[in-house]
Amino acid sequence: MPELPEVETYVRALKPLLQGKTILSANVRWPRIIAAPDAARFADLIRGRRFASFARRGKYILLGLDSEETLIIHLRMTGQLRLHGTARAGPDLAETRPDKHTHVVFELDSDEELRFRDTRKFGRIWLVENTETVVGKLGPEPLEAAFVPQTLAQALTGRKANVKSLLLNQTLLAGVGNIYADESLFHAGIDPRRPGGSLSFQEIESLHRALRKVLRAGIEAQGSSLQDYAPPTGAKGGFQEQFQVFRRGGEPCFRCNTPVTRTVLAQRSTHYCSACQK
DNA sequence: ATATCTGCCTGCTCGC
DNA sequence: TGCGAGCAGGCAGATA
């Protein structure tokens, strides 16, 4: 499940692969993937556009074009973007043919095509003039300088929902998903079931520090490689090797040997150490 | 306003 | 081996 570090890795990888290349056509094989405008208009508008800028906001990939428009892609759970050769593919053409999970194919002017592949079809693609119509409701970027403990305090104070659910709320904080929420709460020593409003300012500072540390480490490791995540270059990230609690239910905590607890919060699997996290 | 639930999807695992 | 049930989960939209 691509979260902030995985999406950041994606954007960094896409830039040298796509910069300056022009989209000759877009073949939409599963129209529901295109969130806006409708699939036919999308294909019409994107024809002839050139990739000009590359950015990330939360878990969204923002590909600025040489027009007033931005191509926005959200990978959700199982979305992937891969660049494939076409004319240069030669004898391996059969191997490079889009499979049944490839829902959008962008033909480029470089004898290549950019494919959006998504087994579970949760991913979405937009083409918009104003990015705010898509990402406008997102909360602050946790790695920007403007994100200080007071920002996090503002998101948590007065809240009765558990802190794990609040960390997953993209309108409060952008980019944190299930992996980095569980890992950050472990590093901060905070029980994920605690009501957001029950955290002391000292605990909020600790959580703020943990979030930034874990997200930076995730980017440094080029993300986590789980079953469905595949970056455009094929190079796999290694942050899963640093997991302290995520998907380690029943296994001993690396710090204290207490078996890691697995429970469900906000309908999502949640992992924590009952001894280390209070 | 906030909190919680449902639907979207497919592949995989599990039990019979 | 076959098959259905349950599960994984980000986010929009609905409901409480």
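Note that this is a predicted model, so its numbers are computed, not measured.

Caption draft 1: Summary view of the sheet that holds strand 1 (residues 23-28). Strand order in the open sheet formed by four strands is 1-7-8-6, with antiparallel pairing between adjacent strands. Of all strands in the sheet, those with a lone pairing partner are strand 1 and strand 6 (79-85), marking the two edges. Going across the sheet, the axis of each strand differs from the next one's by a mean of 20°, ignoring polarity. Sheet topology note: the strand 1/strand 7 (residues 102-108) ladder contains five bridges and is antiparallel. Bridge assignment links Val28 to a residue of strand 7, and that residue is Val104. Packing of helix 2 (residues 39-46) onto the sheet brings it into contact with strand 1 and strand 7, and relative to strand 1 it is tilted by some 170°.

Caption draft 2: Local environment of the protein's contact with DNA strand C. Inspection of the region around DNA strand C gives 14 residues, with Arg120, Phe122, Arg262, Arg268 and Ser269 positioned closest. Taking Tyr60, its side chain carries an N or O atom lying 3.5 Å from a phosphate oxygen of DNA strand C. The separation between a phosphate oxygen of DNA strand C and a polar side-chain atom of Arg268 is 2.5 Å.

Caption draft 3: Molecular detail of unusual backbone geometry. Pro37 follows Ala36 through a cis peptide bond whose omega is -10°. Residue placement: Pro37 occurs in the loop between strand 2 (34-36) and helix 2. Within the chain, Arg76 stands out as a residue other than glycine whose phi angle is a positive 45°. Along the polypeptide, Arg76 turns up in the loop between strand 5 (70-74) and strand 6. A residue is classified by how much of its surface remains accessible, and Arg76, at 38% relative accessible area, is partly exposed. Positive phi is not limited to glycine here, since Gln222 has a value of about 60°. Relative to the helices and strands, Gln222 is located in the loop between helix 8 (201-220) and strand 10 (261-265).

Caption draft 4: Just the environment of Asn27, in detail. Relative to the helices and strands, Asn27 is located in strand 1. With relative accessibility at 40%, the residue Asn27 sits in the partly exposed group. Sequence-wise, Asn27 and Asn178 are 151 residues apart; in three dimensions their C-alpha atoms are separated by 32 Å. The residues contacting Asn27, other than those within four sequence positions of it, are His103, Val104 and Val105.

About the thresholds
Each chain carries its own residue numbering, running from 1 in the direction its sequence is written. All chains are assigned letters beginning at A, and all ligands numbers beginning at 1, according to the order in which they are written. It should be noted that, the model being predicted, local features are given only for residues of pLDDT at least 70 and side-chain atom pairs only at 80 or more, the latter also being counted only at that level, while totals for whole chains, interfaces and linings use all residues. The basis for every side-chain value is the complete set of heavy atoms in the structure, and neither hydrogens nor water enter the calculation. Pairing between strands requires that DSSP locate at least two bridges from one strand to the other. Segments assigned H or I by DSSP are reported as helices when at least four residues long, segments assigned E as strands when at least two residues long, and all are numbered from the N terminus. Lines fitted to C-alpha atoms define the axes, with helix axes restricted to the stretch in contact, and inter-axis angles between N-to-C directions lie between 0 and 180 degrees. The criterion used for residue contact is that any of the two residues' heavy atoms lie within 4.5 Å. By convention in this text, a residue qualifies as near a molecule or strand provided that one of its non-hydrogen atoms is within 4 Å of it. Whenever a nitrogen or oxygen atom comes within 3.5 Å of another N or O atom, the pair is scored as a polar contact, on the condition that within protein one atom can donate a hydrogen and the other can accept it, and that pairs from neighbouring residues in sequence are kept only if both atoms are in side chains. Relative accessibility decides the category of a residue: with a 1.4 Å probe and only protein chains considered, values under 20% of the type maximum give buried, values over 50% give exposed, and everything between is partly exposed.

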